[in-house]
Amino acid sequence: PSMTTRHQQILNNRIKTVTGIQFRRVFAVSAVTGEGVFELAEALLEDLRGKDVFVVGAANVGKSTLVKRLAGTIAEGVSMKGHKGKKRRDMAANLQVTGSHLPGTTLQAVRIPCFSKSGHALWDTPGLI
């Protein structure tokens with residue numbers, strides 16, 4: 001799915017009004033089809049700045065499915081050297097996160113070391129609501 005600049009502005013303004021949070025960038029993605037995931041992965045890799053990435057949202061909206069797709073996409077494109085790098089890449093590519101139509105499947109935050117530096121990680125989190 002593609003988002004026009006206008007759609008991004010509307011979404012950003014609505015989120016800021018409701019939560020007070022201002023986002024720098026907004027991405028339209030589909031974890032099921034994979035559309036937009038590559039663009040999101042590229043942006044994350046360009047903008048890590050030594051920080052972990054947390055996927056946060058309401059219960060039962062597809063966070064774990066997105067994390068699995070995103071981790072695999074990042075692992076495919078990231079150069080991870082040595083034995084530890086290969087182990088991280090293989091783990092991210094074969095990630096077994098639990099997805100279910102039932103809310104409450106992810107019970108605690110799950111750390112996925114899919115980036116080239118071991119200090120960075122992608123986190124799957126339980127639903128907030």
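Note: the structure precedes this text.
In this report, we go over the structure that sits alongside the text. Predicted model only: the values in this text are computed from it and were never measured.

## Some points on the packing of aromatic side chains
In this structure the tally under the stated criterion is one aromatic pair. Relative to Trp-123, the ring of Phe-54 has its centre 5.4 Å away and its plane inclined at 10 degrees; by these criteria the two rings are stacked. Of the two residues, Phe-54 sits in strand 1 (residues 53-55) while Trp-123 sits in strand 3 (residues 122-124), which places them 69 residues apart along the sequence. With relative accessibility at 18%, the residue Trp-123 sits in the buried group.

## Side note on unusual backbone geometry
The residue Asn-60 is not glycine, and still its phi comes out positive at about 65 degrees. Mapped onto the elements, Asn-60 comes out in the loop between strand 1 and helix 3 (63-77).

## Examining the packing of helix 2 (residues 37-46) against helix 3
Running from N to C, helix 2 and helix 3 cross one another at 65 degrees; their axes reach a closest spacing of 9 Å. One element, helix 2, and the other, helix 3, form an angle in the roughly perpendicular class. As helix 2 runs across helix 3, the sense of the crossing is right-handed. Counted together, Val-37, Phe-38, Leu-40, Ala-41, Leu-44 and Leu-45 of helix 2 and Leu-66, Arg-69, Leu-70, Thr-73 and Ile-74 of helix 3 form the full contact between these two elements. Residue classes in the contact of helix 2 with helix 3 are distributed as nine nonpolar, one polar and one charged.

Conventions and cut-offs
Residues numbered from 1 in each chain as written. Predicted model: local features only at pLDDT ≥ 70, side-chain atom pairs only at ≥ 80, totals over all residues. Heavy atoms only, no water. Phe/Tyr/Trp six-rings, centres within 6.5 Å; stacked < 30°, edge-to-face > 60°. Helix = DSSP H or I, 4+ residues; strand = E, 2+ residues; numbered from the N terminus. Buried < 20%, exposed > 50% of the residue type's maximum accessible area, 1.4 Å probe, protein only. Axes fitted to C-alpha atoms, helices over the stretch in contact; angles between N-to-C directions. Parallel < 35°, antiparallel > 145°, perpendicular 65-115°, else oblique. Left-handed = near helix turned anticlockwise from the far one by under 90°. Contact = heavy atoms within 4.5 Å. Nonpolar A, V, L, I, M, F, W, Y, C, P; charged D, E, K, R; others polar.

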